[in-house]
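Fold and contact review
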Amino acid sequence: MRWLSCWRASLVLVLHLAAVGAASEQFDEDLTIRPLRDGKLSARFSFSTLLKDATPRDPQQLSSDDEAQHYTLFPLALGQILREYAVTELHLTLNAGKWNYDAWGYPEEPGVGTGAELWAWMGESIPASVDQRWQGLRNALAGLFCASLGHLDEQRTTSPALTFQPEGSLPNFTYPHQLRHATLPSEHVCTENLTPFLKLLPCKSLSGIASLLNPHRLFDADWHGLGVHVRYREDVGVEVRLTFQAIFDPVRYSQEKRRDWSLRSVFDRSIERACPVARSSKVRVELPRGPSPYSITPDPTAIIDGVATYVVDASEEALDVAMRWPTEDTFEYPNTSEAPPLTELSVRRTLKGTNQAEAQLTLVITNNLPVQVTTGYLETMPWLLQFYLHTLRAHVNGVARDDLVSILSYTPPVPHSRPALLQAVLTLPPSSTLHLTMDVVKPFLRYTEHQPDAQRGWDLPPAVLVPFAFGEGQNGTVAAAHGRRPRRMYTPIMLVDLATPDFSMPYNVIIMSCTLIALIFGSVFNLLTRKFVVVRVSPASDAQAAAEQRQQQR
Amino acid sequence: MLRAIPAIRRRLRGGGDPNAARIRRRQALANKAWQGLPYIRIVLFTVGYLWLLAIPSSQFGQRTYIDENALQPGQVHTYWSWNDVHRADRVLEDLERLRDQNATSNEIANYAVGEFEKIGIPARIQHYSFDTVDGVLEGTNAYAVMQSPRASGAEAIVISASWLSRTGEGDGTLNLRGVATVISLAQYLKKYSLWAKDLVFVISDGYLDGMQAWITTYHGAAQPNLHAEPLTLSSGVIWTAINVDYPGHSFSHLGIFFEGLNGRLPNQDLLNSVSLIARHTGGVPVLVHDHVDPRDTPNTPSILPAWLPEALKSNADVQEYAVRARNIVRHMNYQARGAASGVHGLLHRFRIDAITVFAVPATGPHGFHSLGKILESSLRTMNNLLERLHASFFFFLLVGPGTFMKIGSYLPSVILVGTAMLFSGLGEWVNAGWTLASPPPLGGDEKTEKASAHTSWVQRPRPVLQAVSIMAATHLLGVLLFYALNSGLVPSTVIFLLFAILPVLALQLVSSPAPPSAPLATVLKAFNLCFASAVISITSVLNFSLAAALAVFMGLPLTVASSSPSQPKRVVKYALYSVLALGWLVLCPEETRKAIWNWEVLEVWFAPFICIVYTPLVLQAALACSLP
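Residues numbered from 1 in each chain as written. Chains lettered and ligands numbered in written order. Predicted model: local features only at pLDDT ≥ 70, side-chain atom pairs only at ≥ 80, totals over all residues. Heavy atoms only, no water.

**What about the overall build of chain B?**
A tally of regular secondary structure across chain B gives 19 helices and 14 strands. Considering only C-alpha atoms, chain B reaches an extent of 105 × 75 × 55 Å along its principal axes. Relative to its 628 residues, chain B shows a buried fraction of 55%. When contacts within chain B are restricted to residue pairs at least 6 apart in sequence, long-range pairs at least 24 apart make up 82% of them. When the accessible area of chain B is evaluated, it comes to approximately 27,100 Å², of which 63% is carbon and sulfur surface. A gap of 16 Å separates the mean positions of the 48 positive and 42 negative side-chain charges of chain B. (Helix = DSSP H or I, 4+ residues; strand = E, 2+ residues; numbered from the N terminus. Buried < 20%, exposed > 50% of the residue type's maximum accessible area, 1.4 Å probe, protein only. Contact = heavy atoms within 4.5 Å. Areas by Shrake-Rupley, 256 points an atom, 1.4 Å probe, with all protein chains shown as cover. Lys, Arg positive; Asp, Glu negative; His and termini not counted. Charge placed at Lys NZ, Arg CZ, Asp CG, Glu CD.)

Take a look at the structure:
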């Protein structure tokens, strides 16, 4: 009896707390699964927590004490950082792999650049400048997510405000908001980043959709990335959205080379129980449009526009969504040269050249649409690669078309301190390929500036393309379909070889150069300080004879 | 005791003015050196040449070892199984069918692309054509880029096979099993998510031309006579590459070929790792090139010449010497000519460490199974790299599969020969500047004796300008010779006669210096020797084999070149030297053609070097002989 009453009391308490939480905070989780045409499977987890009626901290009030914050669902560790540095909007992504836009289409979460990317909108203020808070923010996040975000220093920080527009709204503070953006392409993402990420979730990975986040499987995926997105929605509140996106390859897992998948086969787990504090918890599966018949089990709660939805809290037993293609013996890969790309643009960026001083940056953009496309082009290049802007050339089918590059803005790099920022608008003629080339120089580093793995070279951040205007073609539908918000496309990262000394034998090098300098200095000094006089030299025998004579005289 | 010190000091410094004493001492030293010069030269030459001969000796060399810790060769379990071998056999059947149908390059490349696409690896073809003296060289490459899971695509490993095997330096033997290995390996490697770098598979057409077209296009290096389609798939920086050559039905040994264009070598760690893996994971014995050691395998003909006495033939040291010498001579033959010993050699220019693994044709016991395991494990080792290969050695002489020589142990041989030439040249220079004063026409015996005792040597002007212009003219002639060869219009016999006679005719234009100044021949020889010595010494660091060849061909001949009072003797000498300078035009036309092809298609510097540096230098010696 006593146990029962105790149980009841605690239940009441939980319900009460849940009610309080529900009043000011709400938590929604969502898993979107999308079978891809190359047999792969895209999965996107989204956990969003809304702090109702909250506003970002006004940076002008940073000198005075902050008002008390009480969170039940909202991640406290993150909330403290946001308040401490008065961040209005924050986006952090940690990705591994190269997103294949042609075969996978646009990702659900646009930030798919390889490595770490952090950008934040912050209000300017007198007591603490944006740059000071940016430094504090990246160090705090580095600690929170166990990532080398501290390296996102001023050598990598830019402010490309056109490409990275705020996704929420910016409150009216005393001073306008500013953007800080930095990428670290060499950052590796692994389980040490996922553990702190899971800690920010109200149900951790114990229940609900988050229970599928099995690190053994996630980090074996062809592409995976986690993201933290904070934005302020006017009249609604502050929203934190934690996302995890991955591309799995069921064909690789299967012995028979089939593309059938289930939650258990992909994640090695199924959803055993729902997260009790989640307002909504849904699994959405985009149904394939291909000709081969498929089956999906169990029956979805609803099917809307080719998307099957499963509501997790309603199910009594464990949810294990499975999809199979019964008529397929083995999966047949589509021919990549014949299958049309799934995005409007296909981009390749390469660094060509054979020496350690100069190279050529080549950007090849194919417009897959029958209409003209206008796209923004952004390079945030550390000073490790310096552009010769006057050599920027555009070609279409071998014909020079420099008129296709317009509204070029360029902030030159400052060696050893600031990256370059290149923004341009490119006009892509219908169904054609634009070749953009530019000569670049590779600077000479100070020997202390080399990384510990000096012979590796340097990873360079991805370029970003934002196709924003689609001209009218023969069929107006193409243009109409893209009436929504412009989406970013990230190019793959690059590796650049800079001239590197042989660090394996520094002492040999030091001794050798010191000897050379000593020799040269010695001879020059000797010549400079020598006095030239005429010396009368008698033959040696005479001198000896004279000496002997002198001795005899003595 | 103490009293002795001033005496010693006096003895050393001499009396009187210390400056004068110093100058005297210097003079005495120079005198000594001058008197000893002939001996110094002989000693330097002897030691240098003997050293060259001693390089294959078993006393030299040390065991190879892995220097880069990240490589961890042979530390993985390989999963390549008989199923994969079966698949390779299937691909081989298809390839044999294509061969029997006399399929065009296009059909073969399309077949390869189809196979790659079937397993889900994007693949494309690339057409190319080279304009050469012998006509247009066309072909089609197939390549596939496997985007590795989780990898950023900034780094890549290349696995390649050319359609023609390197057997007989591309004599037309097909590399069917090599191509089959690469295609089936692609199929197999795709199953794993452990690749940290993209894997690029290249099936190149022809022997060397296909890969040259592909790799230059990949790096955007323009080549005026190459028309190649741009690549539509790309990946990142290539650090390492492995080329598979498997021409026979089975193989007994795995040969490692590593010499690249223009004498470049890959990092030694790469070949050490692959040979370690071949021995331990694959159980396949490793060879340098395709030289089977006659001591390990019975029924192989001995490599020692038949005329050697039996006692020497059975001597272990002599046998070891012969085996090593064969490896070194083969290596030097590739390196000196700047030729690639396989398709891998084309990649070195782009800072890619690459080797060819050559399955030495035999009746057994190894086949796809061992080769697949070796390649899988080797790729895993390359995959481990976090940095470029930079430890270990880039300059080495691989005398045996497990033995090598460091640069310091072989470089001095050539440098010594170069130094001997330099001393000879300086000696000639001094000779040119001084002459024995002729005794005064009048006066008695006493006077003459006194004159010879005090002013025996007088200085004379040296015709520097004429000598230098003759040298410049011969080098210009070398440039003309190079263009004449490149045009391919004139037969080589005509070129030989023309360029052998032209210098003598042109020499008539140069006015002989007036009697008091030194003879032109001496000054020319002095400059010629000094320049040749500089060329040899500098080349030795870049391309040891070429420098060694130069030391052999120019060292003694240039030093002994001298004028002669009799006209017929001079003509004979001139003829001999012009044969040394230009004889290759007539004696080895095939080699000449190959060198020109290498220059045109692969940009190998050997042909221009011979025409513009070597031939003029020997011609200068010939002219020095022909001058009175």
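What follows continues from the structure just given.
**Considerations on the pattern of salt bridges**
All names here are of chain A. Under the counting rule described, the total for this entry stands at 45 salt bridges over all chains. Of the charged contacts in the structure, one is a salt bridge between aspartate 28 and arginine 279, with a shortest N-O distance of 3.0 Å. In this pair, aspartate 28 sits in strand β1 (residues 25–35) while arginine 279 sits in strand β10 (residues 278–286), placing the two residues 251 residues apart along the sequence. Take aspartate 28: its relative accessible area is 14%, and that puts it in the buried class. (Salt bridge = Lys/Arg side-chain N within 4 Å of Asp/Glu carboxyl O.)

**Section: the interface of chain A and chain B**
Listed as interface residues are 45 residues of chain A and, on the opposing side, 48 residues of chain B. Contact between chain A and chain B buries roughly 3,500 Å² in total, counting both sides, with carbon and sulfur atoms accounting for 49%. Residue arginine 351 of chain B pairs with aspartate 497 of chain A through a salt bridge whose shortest N-O separation is 3.7 Å. Across the contact surface, chain A and chain B share 18 residue pairs in polar contact (both at pLDDT 80 or more). At five residues, the largest contribution of residues to the side of chain A that touches chain B is made by helix α11 (residues 540–553) of chain A. (Buried area = accessible area lost by both parts, 1.4 Å probe. Polar contact = N/O pair within 3.5 Å; in protein donor to acceptor, adjacent residues only side chain to side chain.)

**Examining a nonpolar patch on the surface**
Together, Met512, Leu516, Leu519, Ile520, Val524 and Leu528 of chain A make up an exposed nonpolar region whose accessible area comes to about 630 Å². By secondary structure assignment, the location of isoleucine 520 of chain A is in helix α10 (residues 506–529). (Patch = residues over 30% accessible without salt bridge, like charges linked within 9 Å, V, L, I, M, F, W, Y side chains within 5 Å.)

**Quick notes on the environment of lysine 190 of chain B**
Here lysine 190 of chain B lies in the loop between α5 (176–189) and β5 (198–204). For the pair lysine 190 of chain B and glycine 120 of chain B, spaced 70 residues apart in sequence, the C-alpha separation works out to 8.6 Å. Aside from chain neighbours lying at most four places away, what touches lysine 190 of chain B is Asp249, Arg252 and Tyr333 of chain A together with Ile119, Gly120, Ile121 and Met146 of chain B. In this structure the side chain of lysine 190 of chain B is engaged in a polar contact, spanning 3.4 Å, whose partner is the side chain of tyrosine 333 of chain A.

**Focus: the packing of aromatic side chains**
Summed over the entire model, instances satisfying the criterion amount to 34 aromatic pairs over all chains. Between tryptophan 80 of chain B and tyrosine 188 of chain B the ring centres are 5.3 Å apart and the planes differ by 90°, which places this aromatic pair in the edge-to-face class. One end of the pair, tryptophan 80 of chain B, is in the loop between β1 (62–63) and α3 (82–100); the other, tyrosine 188 of chain B, is in helix α5, and 108 residues separate them in sequence. Look at tyrosine 188 of chain B and you get buried, because its relative accessible area is 0%. Members of the aromatic cluster, connected to one another through ring pairs, are Phe27, Phe45, Phe47, Phe248 and Phe267 of chain A. Here the guanidinium or amino end of arginine 166 of chain B rests over the ring plane of phenylalanine 257 of chain B, the centre of that ring lying 3.9 Å away. It is arginine 462 of chain B that lies over the ring of tryptophan 429 of chain B; its NZ or CZ is 3.8 Å from the centre. (Phe/Tyr/Trp six-rings, centres within 6.5 Å; stacked < 30°, edge-to-face > 60°. Lys NZ or Arg CZ within 6 Å of the ring centre and 35° of its normal.)

**Structural notes on the domain arrangement of chain B**
All names here are of chain B. For chain B, the assigned domains are domain 1 (35–54 + 409–434 + 457–624) and domain 2 (64–101 + 167–192 + 202–228 + 242–400). Computed over C-alpha atoms only, the centres of domain 1 and domain 2 are separated by 38 Å. Between domain 1 and domain 2, the residue contacts involve 18 residues of the former and 20 residues of the latter. Approximately 1,700 Å² of surface area, both sides summed, lies buried where domain 1 meets domain 2, with 52% of it carried by carbon and sulfur atoms. Here domain 1 and domain 2 share two salt bridges between them. As a salt-bridge pair, arginine 337 and glutamate 591 come within 2.9 Å of each other at their nearest N and O atoms. Across the domain 1-domain 2 interface, the total number found is eleven residue pairs in polar contact (both at pLDDT 80 or more). Of all elements in the fold, only α15 (520–542), α16 (544–560) and α18 (589–602) reach the threshold of two or more residues within the side of domain 1 that touches domain 2. In terms of residue count, the dominant contributor to the side of domain 1 that touches domain 2 is α18 (five residues). Tallied by class, the residues present in the side of domain 1 that touches domain 2 amount to twelve nonpolar, three polar and three charged. (Domains from an automatic or database assignment. Nonpolar A, V, L, I, M, F, W, Y, C, P; charged D, E, K, R; others polar.)

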